[in-house]
Amino acid sequence: MARVNENYLKLKAGYLFPEIGRRVKAFADANPDAKLIRLGIGDVTEPLVPAVTRAFHSGIDALGKAETFHGYGPEQGYEWLINTIIEKAYNPLGVELKTKEVFVSDGSKCDSANILDIFDLSNKVAICDPVYPVYNDTNVMVGRSGEADEQGYYEGIVYMPCTLENDFTPALPTEKVDIIYLCYPNNPTGIAATKEQLKVWVDFAIANEAVILFDAAYEAFISEPDIPHSIYEIEGAKQCAIEFRSFSKTAGFTGVRCGLTVVPEDLMAKTASGENISLNTLWNRRQSTKFNGVSYPVQKAAAAVYSDYGLEQVKKVVAYYMENARLIREGLQGAGITCFGGVNAPYIWLKTPGNLGSWEFFDKLLQECHVVGTPGSGFGPSGEGYFRLSAFGSRENVEEAIKRFLSKWGNK
Ligand code: MLT
């Protein structure tokens, strides 16, 4: 009989968001009249903007005519999209990239998992705690860890706690690590990193010949002027960092699927015999073999995000969500609830009222207020006692959710 990849059996729980979905469904089935407000998974709620839908339609129309039909596209993405991304998203930051350094994909979740294909299993990985669960679970799946301990820490993975005591900013690892995951603005804490903070990581990575996997999926939500949008704004980063970006939250593509990964040509890693190998070449080889590119209409839609109309329209949607974030943050803070984030990210990270456990609070909020959030402990042991609310939702729902929340926990 075929054997399974037993690394999967080491995973402690189901993936966080389906687990939340199961609990919410059970509640909704038992309480069909409850008006649920979902501020759990960071899924967008506003429709695609008109500039995007127009381009999407035109892409589909092109596929319907022999003279404009497109079959397989380049696995790396169409050059017209890549060059637009470089010109509109990176050049204004002072970052120059070559076309071959940018790879268009079906999303940064997949890329941040698939990137592990090009790294040896012996690499020591460092991740934040709490963290976007994909970084942890995919390393367990490929066999880079042992079993989890009682707290949920997997043997062999280096965890960098992000707690109130360190302002949710991880300290540099004290042991040798080879791959470091950073996500800024951060999911789940909503905290952003300054240039000075990222410079420390870049210097550390260069000094230790480590690679930073930098997830910038939420860069569009940065509102403070000095916060970097890309790790490549930091000198030296092209020697040590891979960056992931996404159209999901920036432009409402969670269901459309499009993201990108930047692998600079200068970025090298070693073979067992000490030879330097270009990670760009390996990633290109991986993508060419395992991926057939993003569909033509989706890439047309993605390019439209950078048109003048597109930029203006998506900025308005981002501002709408960030106003939600402000309302949640200020509403909770005004009522004495300790919370973080929500300024440069669409997530508010709050201390659970009454020191409830994260899942305990999740159940209470669901059952008593009919509001869905995400338990902090689902992002890692250091998230225990915290809770994440997402700013993705209609204004009406967000206002109603705050009202319900405060009716139970205001000024306590
Ligand atoms: C989240 O809620 O953390 C995100 O929606 C997950 C994701 O982007 O995959």
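Bear in mind that the values here come from a model prediction, so they are computed numbers and not experimental data. (Residues numbered from 1 in each chain as written. Predicted model: local features only at pLDDT ≥ 70, side-chain atom pairs only at ≥ 80, totals over all residues. Heavy atoms only, no water.)

With that settled, consider the environment of glutamate 196. For glutamate 196, the location among the structural elements is in helix H6 (residues 195-207). Separated by 106 residues in sequence, glutamate 196 and tyrosine 90 have C-alpha atoms that sit 19 Å apart. (Helix = DSSP H or I, 4+ residues; strand = E, 2+ residues; numbered from the N terminus.)

Here the focus is the site of the ligand. Inspection of the region around the ligand gives Phe17, Ile41, Gly42, Lys109, Tyr132, Asn187, Tyr218, Lys249, Tyr347 and Arg388 as its neighbouring residues. Contact distances for the ligand include 2.8 Å between an oxygen atom and a side-chain N or O atom of asparagine 187. Lysine 249 has a polar side-chain atom sitting 2.8 Å from an oxygen atom of the ligand. Starting from 270 Å² of accessible surface for the ligand in isolation, the protein chains cover 86%. Considered class by class, the residues forming the shell around the ligand number five nonpolar, two polar and three charged. (Near = heavy atom within 4 Å. Polar contact = N/O pair within 3.5 Å; in protein donor to acceptor, adjacent residues only side chain to side chain. Areas by Shrake-Rupley, 256 points an atom, 1.4 Å probe, with all protein chains shown as cover. Nonpolar A, V, L, I, M, F, W, Y, C, P; charged D, E, K, R; others polar.)

The subject of this paragraph is the packing of aromatic side chains. Following the criterion strictly, the structure yields 25 aromatic pairs and no others. Ring geometry for tryptophan 349 against tyrosine 386: centres 5.4 Å apart, planes inclined by 0°, an arrangement best described as stacked. Of the two residues, tryptophan 349 is situated in strand E12 (residues 347-351) and tyrosine 386 in strand E15 (residues 386-390); the sequence distance between them amounts to 37 residues. Neither residue differs from the other here; tryptophan 349 and tyrosine 386 are each classed as buried. Put simply, the rings of Phe17, Phe168, Phe340, Trp349, Phe379 and Tyr386 touch in pairs and so form one group of aromatic residues. If you follow arginine 23 out to its NZ or CZ, it ends over the ring of tryptophan 359, 4.0 Å from the centre. In this structure, lysine 300 packs its charged tip against the face of tryptophan 80, placed 5.1 Å from the ring centre. (Phe/Tyr/Trp six-rings, centres within 6.5 Å; stacked < 30°, edge-to-face > 60°. Buried < 20%, exposed > 50% of the residue type's maximum accessible area, 1.4 Å probe, protein only. Lys NZ or Arg CZ within 6 Å of the ring centre and 35° of its normal.)

Reading across the sheet, the four strands line up as E11-E12-E15-E14 and stay open at both edges, with antiparallel pairing between neighbours. Unpaired on one side and paired on the other, strand E11 (339-341) and strand E14 (374-375) mark the two borders of the sheet. Here three bridges tie E11 to E12, and the two strands are oriented antiparallel to one another. Paired with glycine 341 across the bridge in E12 is isoleucine 348. (Pairing = 2+ DSSP bridges.)

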